[in-house]
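Chains, contacts and geometry: an overview
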Amino acid sequence: MYRKDRSILLKGSSSALYNNLSVLPLPAKQLTHFATVHSSTVNMVSASADGLSLSHRQLQAKEGSLGVSTSFVTQAAWCVLPSRILLVLTSQKGIQMYEADGSIMVYWHALDASESSPGQAVFARGIAASGQRFVCVGTSLGHVLVFDIPCKGTNITLSEVLEEHQGAITDIAAELCEQPEGSIDLVTADDSGGLCAWRSGEEFQLASKVPASGCPCSSVRLWNGVIVAGYGSGQIRLYEAASGTLRAEVAAHARWIYALDVAPLSGKLLSGAEDSFVTVWRLTCNPDTEGIEIGHCQTECVTDTQICGARFCDPEGRAFALTGYDLSEIIRYVQL
């Protein structure tokens with residue numbers, strides 16, 4: 001069971017965007033970093049374990065290295081690679097990569113508006129680190145841009161563009177658990193409900209594909225070879241990543257799901273939605289049937305709050321945080 005803990009105040013509110021909360025735990029420093037997006041600003045806060053010591057920073061996303069104008073930010077997320085941690089921002093103009101604390105921009109990639117149809121929105125959305133040195137970012141064209149990240153410095157290169165999706169990318173997630181080399185380690189989702197599972201490497205390989213369902217897949221996770229997908233219908237579906245076979249389905253929420261997260265060491269699943277409810281589930285693998293099962297653990301109502309971001313704060317899932325549209329705080333829950 002979880003109980004509500006001390007909330008963390010933000011310098012600004014959160015926009016109604018999918019997956020609008022990123023959490024970076026730093027156990028060695030006994031700190032946790034949080035980031036949410038509002039318009040062209042990223043609200044960042046570093047909190048001690050008890051939530052009493054806070055350090056705030058607001059990052060204003062600029063267009064290009066010259067910072068000539070601001071652009072509407074669609075997502076901010078930390079990408080943790082073995083050699084470094086980057087804070088990645090996506091916007092209507094392009095993709096910005098910063099050092100983890102947001103102090104220095106190390107890379108800027110502009111989106112080409114000429115590639116889109118007249119009247120079609122242009123933006124980037126969906127961020128995940130993959131493998132040993134890649135960061136993957138989605139676009140409104142349905143493309144997934146794969147960036148090769150050096151151990152240090154600014155020599156970041158666009159190494160590949162994945163073009164399997166027909167709709168705008170909504171979310172991207174990497175495998176959360178240790179898997180044998182050559183295993184599926186990335187999943188991408190789009191606005192029409194389509195899913196693609198990939199094997200990363202010098203060239204990314206498509207492993208399986210779930211066809212579009214007509215309902216947007218707003219949030220996705222990959223855990224132990226299982227794709228966990230949340231939809232605008234309020235449903236959560238579990239697919240076998242290797243084959244794309246549907247293994248389980250649950251009517252989790254009454255309205256649009258905005259965020260999913262999985263605690264890799266415990267198999268706990270967190271879902272937050274427009275209906276003001278956040279729910280903790282448990283994923284288990286049944287050795288007899290070799291199937292995946294989902295069970296309900298706890299549901300909390302955050303009154304009059306359209307939840308737009310929810311994340312576990314540690315790999316075991318002992319605590320989680322959430323935020324909502326027009327909410328200027330991060331609400332935390334801890335395990336009893």
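Structural data are supplied above this passage.
Residues numbered from 1 in each chain as written. Predicted model: local features only at pLDDT ≥ 70, side-chain atom pairs only at ≥ 80, totals over all residues. Heavy atoms only, no water.

Each pair of aromatic rings is reported with the distance of its centres and the angle of its planes. Inspection of every chain in the model, using the stated rule, returns seven aromatic pairs. Plain terms: the ring middles of Tyr18 and Trp256 are 6.5 Å apart, the flat faces sit at 15° to each other, and that makes the pair stacked. On the criterion of sequence distance, the pair formed by Tyr18 in the loop between strand S2 (8-9) and strand S3 (22-26) and Trp256 in the loop between strand S22 (246-251) and strand S23 (257-263) is long-range, its members being 238 residues apart. Under the relative-accessibility criterion, Trp256 is labelled partly exposed at 26%. Centre to centre, the rings of Phe134 and Phe204 are 5.4 Å apart; their planes meet at 75°, and the pair counts as edge-to-face. (Phe/Tyr/Trp six-rings, centres within 6.5 Å; stacked < 30°, edge-to-face > 60°. Helix = DSSP H or I, 4+ residues; strand = E, 2+ residues; numbered from the N terminus. Buried < 20%, exposed > 50% of the residue type's maximum accessible area, 1.4 Å probe, protein only.)

Moving on, we come to the sheet that holds strand S9 (residues 94-99). Taking strand neighbours across the sheet as the criterion, the four strands line up as S7-S8-S9-S10 in an open arrangement whose pairing is antiparallel. One side of each edge strand has no neighbouring strand; the edge strands of this open sheet are strand S7 (73-80) and strand S10 (105-110). Recorded for the sheet is a direction-independent mean angle of 15° between the axes of neighbouring strands. (Pairing = 2+ DSSP bridges. Axes fitted to C-alpha atoms, helices over the stretch in contact; angles between N-to-C directions.)

Our next topic: the nonpolar core. If you look at the biggest cluster of nonpolar residues, it comprises 19 residues, and the most contacted ones within it are Val88, Ile95, Met97, Val135, Phe147, Ile149 and Ile156. Those elements that provide at least two residues to this core are S7, strand S8 (85-91), S9, S10, strand S11 (124-130), strand S12 (134-139) and strand S13 (144-148). For this core, the element with the highest residue contribution is S11, accounting for three residues. Not counting the four nearest positions on each side in its chain, Phe147 is found in contact with Ile95, Met97, Tyr107, His109, Arg133, Phe134, Val135, Val137, Ile156, Thr157, Leu158 and Ser159. (Core = buried A, V, L, I, M, F, W, Y, C linked by side-chain atoms within 4.5 Å. Contact = heavy atoms within 4.5 Å.)

Here we have four strands laid out as an open sheet, ordered S19-S20-S21-S22, and antiparallel in their pairing. Lying at the two open borders of the sheet, with one neighbouring strand each, are strand S19 (217-223) and S22. Direction aside, neighbouring strands of the sheet carry axes that sit 15° apart on average. Relative to S22, strand S21 (residues 235-240) runs antiparallel, the two being bridged by five bridges. From the neighbouring strand, Leu238 faces S22, where its bridge partner is Ala248.

Moving on, we come to the side chain of Ser271. When you line up the elements, Ser271 lands in strand S24 (residues 268-273). Take Ser271: its relative accessible area is 0%, and that puts it in the buried class. Polar contacts involving the side chain of Ser271 include one to the side chain of His253, which spans 2.8 Å. In this structure the side chain of Ser271 is engaged in a polar contact, spanning 3.0 Å, whose partner is the side chain of Trp281. In this structure Ser271 touches Ile236, His253, Ala259, Leu260, Phe277, Val278, Thr279 and Trp281, once residues within four positions along its chain are discounted. (Polar contact = N/O pair within 3.5 Å; in protein donor to acceptor, adjacent residues only side chain to side chain.)

Bringing the side chain of Ser40 into the picture now. Within the secondary structure, Ser40 sits in the loop between strand S4 (31-38) and strand S5 (41-48). Judged by relative accessible area, Ser40 falls into the buried class, the value being 10%.

Here we take up the pairing of strand S20 (residues 226-231). Taking burial as the measure, the six residues of S20 include six buried ones, the bulk of the element. Here S20 shows two buried faces, one formed by Val226, Val228 and Gly230 and the other by Ile227, Ala229 and Tyr231. In the sheet, S19 pairs with S20 via six bridges, with the strands oriented antiparallel. Looking across to S20, one finds that Cys217 is bridged to Tyr231. The turn linking S19 back onto S20 is made up of two residues, and Asn224 within it adopts a positive phi angle of 50°. Pairing geometry for S20 and S21, over five bridges, is antiparallel. Considered in S21, the bridge of Ile227 is made with Tyr239.

In the structure shown here, the tally under the stated rule is twelve salt bridges. Between Asp5 and Arg3 there is a salt bridge, with its nearest N and O atoms 3.7 Å apart. Take Asp5: its relative accessible area is 22%, and that puts it in the partly exposed class. The shortest N-O distance in the salt bridge between Arg247 and Glu240 comes to 2.6 Å. Here the salt bridges share partners, and the residues they tie into one network are Arg3, Asp5 and Arg332. (Salt bridge = Lys/Arg side-chain N within 4 Å of Asp/Glu carboxyl O.)

With respect to the helices and strands, the residue Glu249 is situated in strand S22. Glu249 sits 169 residues away from Val80 along the chain, and the two C-alpha atoms are 30 Å apart. Setting aside chain neighbours within four positions, we find Glu249 in contact with Gln235, Ile236 and Arg237. Of note is the side chain of Glu249, whose polar atom sits 2.9 Å from the side chain of Gln235. Of note is the side chain of Glu249, whose polar atom sits 3.1 Å from the side chain of Arg237.

Counting buried positions along strand S15 (residues 169-174) gives six out of six residues, so the element sits mostly inside the fold. Inspection of the sheet shows S15 paired to strand S16 (residues 186-190) by five bridges, in the antiparallel sense. Counted as the bridge partner of Ile169 is Asp190 from S16.

Keep in mind that these numbers describe shape and distance, not what the molecule does.
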